[in-house]
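Take a look at the letters that make up each chain.
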Amino acid sequence: MKLIYSPASPFVRKVLVHLKELGLEDKVEFAKVATSVVDQSPELAAANPVTKIPTLVMDNGKPLYDSRIITQYLASLAPDCGYYPADGEARWDVLRLEATAEGLMDAAVNARYERGLRPAEKQWDDWVDGQMKKVEGALKALDGEAASFGDRVDAGIIAVACACGYLDFRYGDMGWRESYPSLAAWYANFSERPSMKETQPPS
């Protein structure tokens with residue numbers, strides 16, 4: 001397999017954490033690219049028609065993209081991991097948690113693009129504020145659940161951790177821990193896992 005990635009992306013980090021936690025890292029070739037919406041990587045575009053990272057090229061040459069599809073594929077290679085329960089309430093809990101974290105990451109990345117890529121005279125403050133309201137909504141929901149996370153590891157939990165890590169990376173002055181102490185306490189423990197320490201985005 002080949003993973004086309006950029007280490008600053010929280011969606012990439014989610015895949016990298018899965019690889020480490022599942023013991024699949026040595027089965028993957030890593031291709032680091034520099035890419036953005038306005039300056040797309042040719043290597044990425046050749047593998048993925050929508051030029052999104054991460055992209056995983058399987059051994060049969062076919063690409064997978066969207067981090068949730070990639071992580072489900074990786075979990076299928078370790079069928080006893082339980083990262084995506086097969087059925088029942090547990091399955092929907094994991095998928096909902098993953099979707100909440102993905103929504104947080106989407107909104108945070110969109111706000112970052114607006115401030116970091118769009119020319120200042122074209123930036124839309126109300127749009128950024130709307131994205132950050134989504135971030136706050138997700139954080140409030142996750143804080144309400146965090147006490148139940150315990151020491152479990154699954155696709156939803158990993159996504160939440162990577163979402164928190166992205167806020168630390170790109171929104172260091174946000175102070176989310178003070179407003180969401182239950183989530184912060186859980187994340188303080190989970191972020192000590194080797195898979196999290198070894199996938200921290202570049203400083």
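About the criteria used
- Residues numbered from 1 in each chain as written.
- Predicted model: local features only at pLDDT ≥ 70, side-chain atom pairs only at ≥ 80, totals over all residues.
- Heavy atoms only, no water.
- Helix = DSSP H or I, 4+ residues; strand = E, 2+ residues; numbered from the N terminus.
- Buried < 20%, exposed > 50% of the residue type's maximum accessible area, 1.4 Å probe, protein only.
- Salt bridge = Lys/Arg side-chain N within 4 Å of Asp/Glu carboxyl O.
- 1 Å grid on protein atoms, 1.4 Å probe; cavity = no way out; pocket = protein on both sides within 12 Å on 5 of 7 lines; lining within 4 Å.
- Points joined across faces, edges and corners; volume = space filled by probe spheres on them.
- Nonpolar A, V, L, I, M, F, W, Y, C, P; charged D, E, K, R; others polar.

Topic: unusual backbone geometry
And then number 1: Residue P54 follows I53 across a cis peptide bond; omega there is 0°.
And then number 2: Looking at the secondary structure, you find P54 in the loop between α2 (42-47) and β3 (55-57).
And then number 3: At T51, a residue that is not glycine, the phi angle is positive and equals roughly 45°.
And then number 4: Among the structural elements, T51 can be located in the loop between α2 and β3.
And then number 5: You will see that D66, though not glycine, has its phi angle at about 85°, which is positive.
And then number 6: Tracing the chain through its elements places D66 in the loop between β4 (63-65) and α3 (67-76).
And then number 7: Residue class for D66 comes out partly exposed when judged on its relative accessible area of 30%.

Regarding the pattern of salt bridges
And then number 1: Under the definition given, this model contains 13 salt bridges.
And then number 2: A salt bridge links E145 to R96, with the nearest nitrogen and oxygen atoms 2.7 Å apart. With a gap of 49 residues between them, E145 in helix α5 (residues 125-145) and R96 in helix α4 (residues 88-116) connect regions that are remote in the sequence.
And then number 3: Relative accessible area serves as the criterion here: at 23%, E145 is assigned to the partly exposed category.
And then number 4: Residue class for R96 comes out partly exposed when judged on its relative accessible area of 37%.

What to know about empty space enclosed by the protein
And then number 1: Taken as a whole and judged by the stated rule, the model has one cavity of 30 Å³ or more.
And then number 2: Taken as a whole, the largest cavity spans an internal volume of roughly 40 Å³.
And then number 3: In this structure, the largest cavity is lined by P7, A8, S9, P10, R13, C162, G165, Y166, F169 and P201.
And then number 4: Breaking the lining of the largest cavity down by element, the ones donating at least two residues are α1 (10-22) and α6 (155-170).
And then number 5: Residue composition of the lining of the largest cavity, by class: seven nonpolar, two polar and one charged.

Some words on the layout of surface pockets
And then number 1: There is about 800 Å³ of room inside the largest pocket.
And then number 2: Lining the largest pocket are 27 residues, and of these S9, F11, I53, V109 and Y113 lie nearest its centre.
And then number 3: Elements supplying a minimum of two residues to the lining of the largest pocket: α1, α3, α4 and α6.
And then number 4: Here the lining of the largest pocket gets seven residues from one element, more than from any other, and that element is α4.
And then number 5: Grouping the constituent residues of the lining of the largest pocket by class yields eleven nonpolar, nine polar and seven charged.
And then number 6: In this structure, the second largest pocket spans a volume of roughly 190 Å³.
And then number 7: For the second largest pocket, the full set of lining residues is V37, V38, N110, Y113, E114, L117, R118, W124 and W127.
And then number 8: At three residues, α4 tops the list of elements feeding residues into the lining of the second largest pocket.
And then number 9: Class assignment for the residues of the lining of the second largest pocket results in six nonpolar, one polar and two charged.

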